[in-house]
Amino acid sequence: GQGIGFLEVAPENWMRMGGRLGRQFRAYTERFPFVAHGLSLSIGSPAPLDEDFVRALKVFLDQHGIADYTEHLTFCSDEGHLYDLMPIPFTEEAVDYVAARVRRVQDLLERRIALENASYYTPLATELSEAEFIRAVIERADCDLLLDVNNLVVNSINHRYETRAFLDQLPLERVRYLHLAGHYVEAEDLRIDTHGSDVDDPAWALLDEVYARLGPVPTLLERDFNIPPLPELMQEIQRINAAQARARPLARVAHG
């Protein structure tokens, strides 16, 4: 566990786990700080909010002393689960709808939650830009931002925008923590968000840019498959730790 500051878990996989596996999980949550990153809240779904799920989630978070719960700014269910994270239309109406649902979740959980900027391939509506939509939801919901550095790289290539200009439009003061991952290069102008490969150079460069603005905020390395041996993964963790160490003196200067 050396060099590992915190771990992330999908609560859906562990909420109803008892017996030996439940005890093993508890042993980990007693040893390490954990954050919970959900998959099924479906905050943008037209279906009613699953309040029973949110109440069960609160019990789980309280039981394991987990303060941070994050979700995707997407929807994944209508009549049943779609098992994919679909983009929400970038409209004012959607902002109000999603923000109201987030406020309800926060009331039930008695916690501020954070929403993640999602990768998407086709915008459903463009009344607002992606950055305007993210900012509006987060400000109206009064919640935080989970900034996914890789999703920003992927979207900037797929939708042809500049990452630094995009960062300028986000409410960076609300960033709770970062995600960093690898993606698949389908073509020069098409990237697929997979979490199945090493972090690439544009993502490392953007990570440095975020640290330059915010200081060394907590950062999670995501790897969902093609998982290499632990020493290889730890090299990327150590690279994150080194980037954070470089950012510390800069942050002190920036904040006086």
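Look a little higher up for the structure.
Residues numbered from 1 in each chain as written. Predicted model: local features only at pLDDT ≥ 70, side-chain atom pairs only at ≥ 80, totals over all residues. Heavy atoms only, no water.

Description of the sheet that holds strand 11 (residues 219-221)
- Pairing is parallel across the open sheet formed by 7 strands, whose spatial order is 1-2-3-6-7-8-11. Two strands in the sheet have a free side with no partner beyond their single neighbour: strand 1 (7-9) and strand 11. Taking the axes of each pair of neighbouring strands and ignoring which way they run, one obtains an average angle of 30 degrees across the sheet.
- In the sheet, strand 1 pairs with strand 2 (residues 34-37) via 3 bridges, with the strands oriented parallel. Across the sheet, the residue bridging to Val9 is Ala36, located in strand 2.
- Sheet contacts for helix 5 (residues 149-158): strand 6 (114-116), strand 7 (144-148) and strand 8 (175-180); angle to strand 7, the most-contacted strand, approximately 65 degrees. (Pairing = 2+ DSSP bridges. Helix = DSSP H or I, 4+ residues; strand = E, 2+ residues; numbered from the N terminus. Axes fitted to C-alpha atoms, helices over the stretch in contact; angles between N-to-C directions. Contact = heavy atoms within 4.5 Å.)

What to know about the pattern of salt bridges
- A complete count under the given rule lists 22 salt bridges for this structure.
- For Arg55, the salt bridge goes to Asp52, with nearest N and O atoms at 3.9 Å. Taken together, the positions of Arg55 and Asp52, both in helix 2 (residues 51-63) and 3 residues apart, correspond to about one turn of that helix.
- A salt bridge links Arg112 to Asp142; its shortest N-O distance comes to 3.3 Å. Here the residue Arg112 occupies a position in the loop between helix 3 (92-109) and strand 6, and Asp142 occupies one in the loop between helix 4 (130-141) and strand 7, the gap between them amounting to 30 residues.
- One network of salt bridges, with partners in common, ties together Asp68, Arg112, Asp142, Asp144, Arg174 and Arg176. (Salt bridge = Lys/Arg side-chain N within 4 Å of Asp/Glu carboxyl O.)

Side note on the side chain of His195
- Positionally, His195 belongs in the loop between strand 10 (190-192) and helix 7 (201-214).
- His195 gets classed as buried once you look at its relative accessible area, which sits at 11%.
- A polar contact is formed between the side chain of His195 and the side chain of Asp193, at a distance of 3.4 Å.
- Leave out the neighbours within four places in its chain, and His195 touches Ala181, Gly182, Glu222, Arg223, Asp224 and Phe225. (Buried < 20%, exposed > 50% of the residue type's maximum accessible area, 1.4 Å probe, protein only. Polar contact = N/O pair within 3.5 Å; in protein donor to acceptor, adjacent residues only side chain to side chain.)

A closer look at helix 4
- When the terminal C-alpha atoms of helix 4 are compared, their 17 Å separation across 12 residues agrees well with the 16 Å that a helix rising 1.5 Å per residue should span.
- Here helix 4 has its buried residues at Glu130, Ala131, Phe133, Ile134, Ala136, Val137, Ile138 and Ala141.
- Residues of helix 4 that are buried sit in contact with helix 3, strand 6, strand 7, helix 5 and helix 6 (163-169).
- Following helix 4 by one or two positions, Asp142 adopts a phi angle in the positive range, close to 55 degrees. (Expected span 1.5 Å × (residues − 1).)

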